[in-house]
Amino acid sequence: MKFQRNDKVLFIGDSITDCGREHPVGEGSNGLGHGYVAQVYALLRSIYPELMLRVQNVGNGGNTIRDLKQRWDRDVLDLKPDWLTIMIGINDVWRQFDNPLSTDSHVFLEEYESTLRELVASVRPSLKGLVLMTPYYLEANPEDPMRATMDIYGEAVRRVAAEFDAIYVDTQAAFAPFWDHYYTSVLTYDRVHPDATGHMVLTKAFLDAVGFEWSGGTK
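In this text, all values refer to a predicted model and were calculated from it rather than measured experimentally.

Peer 1: I keep staring at the sheet that holds strand 1 (residues 8-13) and nothing clicks. Help me out?
Peer 2: Strands belonging to one sheet form pairs held by backbone hydrogen bonds; the direction of such a pair is parallel or antiparallel. Reading across from one edge, 2-3-1-4-5-6 is the order of the six strands in this open sheet, with mixed pairing throughout. Of all the strands in the sheet, the pair left with one neighbour each is strand 2 (26-27) and strand 6 (167-169). Pairing geometry for strand 5 (residues 129-133) and strand 6, over three bridges, is parallel. Each bridged residue has a counterpart across the sheet, and for L132 the counterpart in strand 6 is Y168. With respect to the sheet, helix 3 (residues 65-75) is in contact with strand 1 and strand 4 (83-87), its orientation differing from that of strand 1 by roughly 160°.

Peer 1: For this particular structure, what's the right way to read the packing of helix 3 against helix 5 (residues 109-123)?
Peer 2: Relative placement of two packed helices is described by the angle separating their axes and the distance separating the axes. One way to put it is that helix 3 packs onto helix 5 with a least axis distance of 9 Å and a crossing angle of 25°. Taken together, the axes of helix 3 and helix 5 lie roughly parallel to each other. Note that helix 3 runs across helix 5; the crossing there is left-handed. Touching I65, R66, L68, K69 and W72 of helix 3 are E111, Y112, T115, L116, E118, L119, S122 and V123, all from helix 5. Its residues placed into classes, the contact of helix 3 with helix 5 shows seven nonpolar, two polar and four charged.

Peer 1: Looking at this structure, how should I read the pairing of strand 5?
Peer 2: The two faces of the sheet receive side chains in turn, since in a regular strand these alternate between them. When you tally the buried positions in strand 5, you get five out of five residues, the bulk of the element. By the bridge criterion, five bridges tie strand 4 to strand 5 in an arrangement that is parallel. Each residue of the ladder has a partner; that of T85, found in strand 5, is V131. This β-α-β element, strand 5 to helix 6 (residues 145-163) to strand 6, shows right-handed connectivity.

Peer 1: Sorry, what's going on with unusual backbone geometry here?
Peer 2: Glycine aside, a negative phi is what most residues show, and trans is what most peptide bonds show. That bond from H23 to P24 is cis: its omega, 10°, falls within 30 degrees of zero. On the secondary structure map, P24 appears in the loop between helix 1 (15-18) and strand 2. Non-glycine residue N6 carries a positive phi angle of around 70°. Relative to the assigned elements, N6 resides in the segment before strand 1. Of note in the backbone geometry, K80 takes a positive phi value of approximately 50° without being a glycine. Here K80 is to be found in the loop between helix 3 and strand 4.

Peer 1: Honestly, the UniProt feature "domain: SGNH hydrolase-type esterase" (unreviewed entry) in the protein in this entry has me stumped. Any pointers?
Peer 2: Per the UniProt annotation, the sites labelled "domain: SGNH hydrolase-type esterase" (unreviewed entry) are residues 11-199. For the annotated span residues 11-199, helix accounts for 42% and strand for 12% of the residues, and the straight-line distance between the end C-alpha atoms is 14 Å.

Peer 1: Just to check I follow, could you spell out the packing of helix 4 (residues 90-98) against helix 6 for this structure?
Peer 2: Following both chains from N to C, one finds helix 4 and helix 6 inclined at 150°, their axes separated by 10 Å at the closest point. With respect to the hand of their crossing, helix 4 and helix 6 are arranged in right-handed fashion. Contacts from I90, D92, V93, W94, Q96 and F97 in helix 4 reach P145, M146, T149, M150 and Y153 in helix 6. Across the contact of helix 4 with helix 6, the residue classes tally to eight nonpolar, two polar and one charged.

Peer 1: Sorry if this is basic, but what is going on with the side chain of T115 here?
Peer 2: With respect to the helices and strands, the residue T115 is situated in helix 5. Contacts of T115, omitting those with residues within four sequence positions, involve I65 and K69.

Peer 1: Would you explain the pattern of salt bridges in this entry?
Peer 2: Side chains that carry opposite charge are capable of pairing whenever their charged atoms lie near each other. Enumeration over the complete set of coordinates arrives at 16 salt bridges. Residue R66 is joined to E111 by a salt bridge in which the shortest nitrogen-to-oxygen separation is 2.7 Å. With R66 in helix 3 and E111 in helix 5, the pair connects residues that are 45 residues apart, well separated along the chain. When its relative accessible area of 29% is taken as the criterion, R66 is described as partly exposed. Taking relative accessible area as the criterion, E111 reaches 28% and is therefore assigned partly exposed. A salt bridge links D98 to R95; the shortest N-O distance between them is 2.8 Å. Pair noted here: D98 and R95 are both in helix 4, with a separation of three residues, about one helical turn.

Cut-offs applied
Residues numbered from 1 in each chain as written. Predicted model: local features only at pLDDT ≥ 70, side-chain atom pairs only at ≥ 80, totals over all residues. Heavy atoms only, no water. Pairing = 2+ DSSP bridges. Helix = DSSP H or I, 4+ residues; strand = E, 2+ residues; numbered from the N terminus. Contact = heavy atoms within 4.5 Å. Axes fitted to C-alpha atoms, helices over the stretch in contact; angles between N-to-C directions. Parallel < 35°, antiparallel > 145°, perpendicular 65-115°, else oblique. Left-handed = near helix turned anticlockwise from the far one by under 90°. Nonpolar A, V, L, I, M, F, W, Y, C, P; charged D, E, K, R; others polar. Buried < 20%, exposed > 50% of the residue type's maximum accessible area, 1.4 Å probe, protein only. Right-handed = clockwise from strand over helix to strand, strands pointing away. UniProt positions renumbered as here; feature names shortened; annotations may be inferred. Salt bridge = Lys/Arg side-chain N within 4 Å of Asp/Glu carboxyl O.

Here you go:
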């Protein structure tokens, strides 16, 4: 397990991270929302109670990387996390497909990657650890136009993670085994917002990346 006793672990992102969390900062059993952040907290707390981890959620529904930049000082730098997890990019891509005429809302790859790099650079020196999770699209066919574009943005996340010694979580790959048994609509009504099972896929991908073991092992 990469986390240490009394670490503060902060999650930032869009609606997938938000999931009804409390504002201004979601924290505690009732404040983290109903998504993967709450699941991560519950599992960490139950298996590693001795770590006394503090988990906070500042995801905001509808956000793009532009929105993260606007609130970065308040919602990241001022909170002084030990660990930071970022999952952003779904809306950056989605708006290009569901609202193609509103080009002002489109965040193309160059802006997305450069902004992510800028934000990461501003906080990385103060962190014990950084986790970058890719955006995803709940579509099994990699040739689907939106899925293909999302994969390109995921590669940008991979590049930034490598540059800043961050833990990289490929969320799109995490969903792949599920498609061998179920159709995508089982997990989602819009191929973006997952049900509890979909959030557990994200939870497992995150926990695997940070060295979670069901037997604990920090005592």
